[in-house]
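# Chain and residue survey
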Amino acid sequence: MRLLLGGVIVSFGLSSLLAQAQQQVSNAQVGAMVESLRLAAPQTNSPNDGLYSAWQVKPETLKAWSKYCLKRELTPTQFENSPATARQVISCITRRELTQQFRTLSNNEIAAVGSVACWWMTGSYTGCNSGFTAAYVQKVVKLYQQQRSQSVVSPSP
């Protein structure tokens with residue numbers, strides 16, 4: 001009986017720790033990242049560039065992401081025509097990726113943001129050290145820092 005009770009306590013403790021690890025990314029962090037990705041999205045100035053929404057997402061990517069986040073696939077038109085739904089999907093994916101990178105990078109917020117920005121552009125968390133991808137990651141990190149500083153309310157003098 002003690003062994004069973006001990007197992008339940010250990011089980012409860014581990015599930016509590018896992019829940020805390022998954023909740024470490026705040027809504028403010030996700031919101032700042034989502035907005036930074038939107039603001040940094042490369043603009044092709046071509047209406048038929050094959051990318052959708054303010055985040056410039058590829059059709060095959062948005063189908064997988066919408067299925068993961070909404071439990072149903074969206075068409076590119078549905079994604080493009082509903083900014084609220086697009087933001088919901090992007091927020092869901094961003095939360096997943098930020099949470100993973102926070103864990104991987106020992107809660108280093110800026111490193112996690114940079115890794116997610118690199119992944120967003122290339123599909124890989126690393127390798128964005130030069131050229132266009134490095135400039136993109138730097139832009140996202142800078143925008144993220146601006147977004148985060150705006151979300152912190154400073155007392156008036």
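Everything in this summary refers to the structure shown in the same document. (Residues numbered from 1 in each chain as written. Predicted model: local features only at pLDDT ≥ 70, side-chain atom pairs only at ≥ 80, totals over all residues. Heavy atoms only, no water.)

What follows concerns the packing of helix α3 (residues 59-70) against helix α5 (residues 83-104). Packing of α3 against α5 brings their axes to within 9 Å, and their N-to-C directions diverge by 80 degrees. What the angle tells us is that α3 and α5 run roughly perpendicular. Counting all contacts with α3, which are made through Trp65, Ser66, Tyr68, Cys69 and Leu70, the residues of α5 involved are Thr85, Gln88, Val89, Ile90, Cys92, Ile93 and Arg96. Residues of the contact of α3 with α5, tallied by class, amount to eight nonpolar, three polar and one charged. (Axes fitted to C-alpha atoms, helices over the stretch in contact; angles between N-to-C directions. Helix = DSSP H or I, 4+ residues; strand = E, 2+ residues; numbered from the N terminus. Parallel < 35°, antiparallel > 145°, perpendicular 65-115°, else oblique. Contact = heavy atoms within 4.5 Å. Nonpolar A, V, L, I, M, F, W, Y, C, P; charged D, E, K, R; others polar.)

In this model, α3 (12 residues) spans 16 Å end to end at C-alpha, consistent with the 16 Å of a helix rising 1.5 Å per residue. Turning to α3, its buried residues are Leu62, Trp65, Ser66, Cys69 and Leu70. One side of α3 holds all its buried residues, which, seen down the axis, span an arc of 100 degrees. Those residues of α3 that are buried are in contact with α4 (76-81), α5 and α6 (109-122). At the exit of α3 stands Lys71, carrying a positive phi of roughly 65 degrees. (Expected span 1.5 Å × (residues − 1). Buried < 20%, exposed > 50% of the residue type's maximum accessible area, 1.4 Å probe, protein only. Arc of directions from axis to C-beta.)

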